Amino acid sequence: MQHFDFAVVGAGIAGVSAAYHLAPHASVVILEREHAAAYHTTGRSAALHSETYGSAEIRAITVASGRFYRKPPAGFTDHPLLTPRGALIAGRAEQQAALQKAATEYARLVPSVRWLDPAETLRRQPLLKPEAASGGAIFEEAEDMDVAAIHGGFLKAARAAGAVLRLDAEVTRLDRKVGRWTVCMRDGESVTAATIVNASGAWADVLAGLAGAAPVGLVPKRRTAFTFDAPAGLDLAHMPMVIDFDETWYVKPEVGQFLGSPADETPSPPCDAQPEELDIAIAVERIETATSLQIRRIKNKWAGLRSFVADKNLVVGYDPVVAGFFWLAGQGGYGIQTGEAAGRLAASLALGRGLPNDIADLGVAVAALSPARFTQR
Ligand SMILES: Cc1cc2nc3c(=O)[nH]c(=O)nc-3n(C[C@H](O)[C@H](O)[C@H](O)COP(=O)(O)OP(=O)(O)OC[C@H]3O[C@@H](n4cnc5c(N)ncnc54)[C@H](O)[C@@H]3O)c2cc1C
C-alpha cells in the first residue's frame, strides 16, 4: 500500500492550494471523489476578489492571497490571474443611512473605498434605476479572478513537485493505528498517510465523522447564479459589479454577458447542488426592479454550496482531539479569494511551522481559525 505524509481529501481550491504548499516539503496524495477536480463549489463561483468582503481574518487572508495572485511565481500562469473590475454596493433611500455608515467602516479597513452620492452612483453604474441608487460605496480595486487558471496553476505545480492526484477516489473509511491512517476508497483501493487534510468543502463534517472527530457545525448554503446576454454597446470591461446593500441580488459584467444572482443562502445537505427555477425568477425580478436590464433568456444557470461555520471564519488547524486530522474548511463565499494564503497557512501549520509572518502581520491569529474554538465552548 502506498504511504504518504499527507492525504488531502478534496481537489477544490482548498485542497489544491494546500497540496501546492505542502508538496515541496512532504509526500502528498490528493483524493477527489469526482471524475474532475473543481467539480463542486470551486467551479461554480462568481470569481470576484474583494478585500472588503468577510470578517477581518477573511479580508486579511484575501489581501495576502491577492499579493500572490497579482505576482505569481514564474511558470504558474501565462496570463493575469486578476483583472480590474470594481465593486459597487448600492442602496435605495431607506438603505442609505446604513450604507453610508457601512461605507465609513469599509474605508477604515480599505482606505480606497469611496462614498458616492446618487449622481455619482448613477454615473459609475448607469444601469441602476435612480430609486436603487440613493448612494453607493465603491471599491475600485475589486478584481475578477481567473479561477480555472488559479486552480489549474496550483494543481499543475503541486504535481510537478511530486503530489499525486487521484480522481474517482471517494474516501469512505478512515482508520488510525500506530500513528498512521489507512484511507479506504469506494473502489476498494487504499493508501496510508500520517496526516489527513480535510479539504472536502461541504462534506467537511462528514469526513470528520469518518475520522471520529467532532463536527464544527458546518452549514452548506446553496447559492444560485446564471448568465444572460448584455445589451449591445455597453462597455462591460469598465463596468463595476453591482451588489444590493442588503445582498439580495448582484449583477457582475463578464465578457459579452452578465452574471446574476439572488444571493440566496438556502441551507442544504452536502450534495451536487442544482439551481431552483424559483430562485432564478426571484433574481430576475429583483434585478429588473433595480436596473434597466431586461433578462429575456437565461444562458447558463448553476448553483453551488457555500459552507459556513457559525462565525463565518475559516477553520484551519489540527483537530484538538483526533491526532493527525487537519481541518481546512469553512471557505464560505470567499474560498477562491482566500485560496492561496489559506493553503499556505494550512501547510505551514500542518508542517508544524506556525503562522506565516506576512499573514500574522495582517492581524490573523491562529486561535481565530482553530477548530478548537468549537470544542472549547
Ligand atoms: C454562486 C457562488 C458564487 C461564489 N462567488 C465567490 C467569489 O466571488 N469569490 C470567492 O472567493 N468565492 C466565491 N464563492 C465561494 C467559493 O467558490 C468556495 O468558497 C470555494 O470554492 C470552496 O472551495 P473548497 O475547495 O473548500 O470546496 P469544493 O470546491 O467543493 O471542493 C471540495 C471537494 O471535496 C471533494 N470531496 C468531498 N468529500 C470527499 C470524500 N469523502 N472523498 C473524496 N473527495 C471528497 C468534493 O467532491 C469536492 O470536489 C462562490 C460560491 C458560489 C456557489
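Residues numbered from 1 in each chain as written. Predicted model: local features only at pLDDT ≥ 70, side-chain atom pairs only at ≥ 80, totals over all residues. Heavy atoms only, no water.

**Brief notes about the overall build of the protein**
When helices and strands are tallied, the protein shows eleven helices and 20 strands. Taken over the C-alpha trace, the protein has a radius of gyration of 21 Å; the compact-globule value for 377 residues is 21 Å, and the two agree within 12%. Across its three principal directions, the C-alpha atoms of the protein cover 65 × 45 × 40 Å. For the protein, buried positions account for 56% of its 377 residues. (Helix = DSSP H or I, 4+ residues; strand = E, 2+ residues; numbered from the N terminus. Rg over C-alpha atoms; globule rule 2.2 N^0.38 Å. Buried < 20%, exposed > 50% of the residue type's maximum accessible area, 1.4 Å probe, protein only.)

**Some points on the site of the ligand**
Near the ligand there are 37 residues, and of these Glu-32, Thr-42, Leu-48, Gly-332 and Gln-337 occur at the shortest range. Between a nitrogen atom of the ligand and a main-chain N or O atom of Gly-333, the distance comes to 3.1 Å. Expressed as a share of its isolated accessible area of 1,000 Å², the protein-covered part of the ligand is 96%. For the shell around the ligand, the secondary-structure elements that each account for two or more residues are α1 (13-22) and β18 (298-308). (Near = heavy atom within 4 Å. Polar contact = N/O pair within 3.5 Å; in protein donor to acceptor, adjacent residues only side chain to side chain. Areas by Shrake-Rupley, 256 points an atom, 1.4 Å probe, with all protein chains shown as cover.)

**Focus on the side chain of Asp-144**
Inspection of the secondary structure puts Asp-144 in strand β8 (residues 143-145). Non-local contacts of Asp-144, meaning those with residues more than four positions away in its chain, are made with Ala-47, Leu-48, Leu-81, Leu-82, Thr-83, Arg-85 and Lys-252. (Contact = heavy atoms within 4.5 Å.)

**Here we look at empty space enclosed by the protein**
One pass over the full model with this rule turns up three cavities of 30 Å³ or more. Estimated volume of the largest cavity: approximately 60 Å³. Around the largest cavity sit Ala-214, Pro-215, Val-216, Asp-319, Pro-320, Val-321, Trp-327, Pro-371, Phe-374 and Thr-375, which together line it. For the lining of the largest cavity, the residue count by class is eight nonpolar, one polar and one charged. As for the second largest cavity, its lining consists of His-40, Thr-41, Arg-44, Trp-203, Cys-271, Ala-273, Gly-304 and Leu-305. Two domains each donate at least three residues to the lining of the second largest cavity, and these are domain 1 (3-71 + 146-217 + 311-375) and domain 2 (84-143 + 219-308). (1 Å grid on protein atoms, 1.4 Å probe; cavity = no way out; pocket = protein on both sides within 12 Å on 5 of 7 lines; lining within 4 Å. Points joined across faces, edges and corners; volume = space filled by probe spheres on them. Nonpolar A, V, L, I, M, F, W, Y, C, P; charged D, E, K, R; others polar. Domains from an automatic or database assignment.)

**Things to note about the nonpolar core**
One recurring pattern in soluble globular proteins: nonpolar side chains tend to sit buried together. Counting 53 residues, the largest nonpolar core has Val-28, Phe-154 and Val-316 as its most contacted members. Looking at this core, the elements that each hand over two or more residues are β1 (3-9), α1, β2 (28-31), α2 (56-70), α5 (147-160), β20 (325-329) and α8 (339-350). Beyond its immediate sequence surroundings of up to four residues, Phe-154 is in contact with Ile-13, Val-16, Ser-17, Tyr-20, Phe-68, Tyr-69, Phe-76 and Glu-340. One finds Trp-181, Val-216, Val-315 and Phe-374 within the second-largest nonpolar core, a separate group that totals 28 residues. (Core = buried A, V, L, I, M, F, W, Y, C linked by side-chain atoms within 4.5 Å.)

**Notes on α1**
Judged by how many residues are buried, α1 sits mostly within the fold: ten of ten residues are covered. Every buried residue belonging to α1 is among Ile-13, Ala-14, Gly-15, Val-16, Ser-17, Ala-18, Ala-19, Tyr-20, His-21 and Leu-22, and all of these are buried.

**Digging into the packing of aromatic side chains**
In the structure shown here, the tally under the stated rule is 14 aromatic pairs. Ring geometry for Phe-68 against Phe-76: centres 5.2 Å apart, planes inclined by 85 degrees, an arrangement best described as edge-to-face. Across this residue pair, the class does not change: Phe-68 and Phe-76 are buried. With 5.8 Å between their ring centres and 25 degrees between their planes, Phe-68 and Phe-154 make a pair best called stacked. (Phe/Tyr/Trp six-rings, centres within 6.5 Å; stacked < 30°, edge-to-face > 60°.)

**Describing unusual backbone geometry**
Look at Val-178: it is not a glycine, yet its phi comes out positive at around 40 degrees. The backbone phi angle of Ala-263 is positive, close to 50 degrees, even though this residue is not glycine. Take Ala-263: it is sitting in the loop between β16 (257-261) and β17 (266-267).

**Some remarks on α2**
Relative to the 21 Å expected for 15 residues at 1.5 Å per residue, α2 spans 21 Å between its end C-alpha atoms, a close match to the ideal helical length. Among all positions of α2, only Glu-57, Ile-58, Arg-59, Ala-60, Ile-61, Thr-62, Ala-64, Ser-65, Gly-66, Phe-68 and Tyr-69 are buried. (Expected span 1.5 Å × (residues − 1).)

**Observations regarding the domain arrangement of the protein**
Per the domain assignment, the segments making up the protein are domain 1 (3-71 + 146-217 + 311-375) and domain 2 (84-143 + 219-308). For domain 1 and domain 2, the distance between their C-alpha centres works out to 29 Å. Every contact between the two is made by 26 residues of domain 1 and, on the other side, 28 residues of domain 2. At the boundary of domain 1 with domain 2, total buried surface from both sides reaches about 2,100 Å², with 55% on carbon and sulfur atoms. When the buried surface of domain 1 facing domain 2 is broken down by residue, Arg-44, Leu-48 and Thr-52 rank first, second and third, together holding 26% of it. Where domain 1 touches domain 2, the interface holds three salt bridges. Put simply, domain 1 and domain 2 have 13 residue pairs in polar contact (both at pLDDT 80 or more) between them. (Buried area = accessible area lost by both parts, 1.4 Å probe. Salt bridge = Lys/Arg side-chain N within 4 Å of Asp/Glu carboxyl O.)

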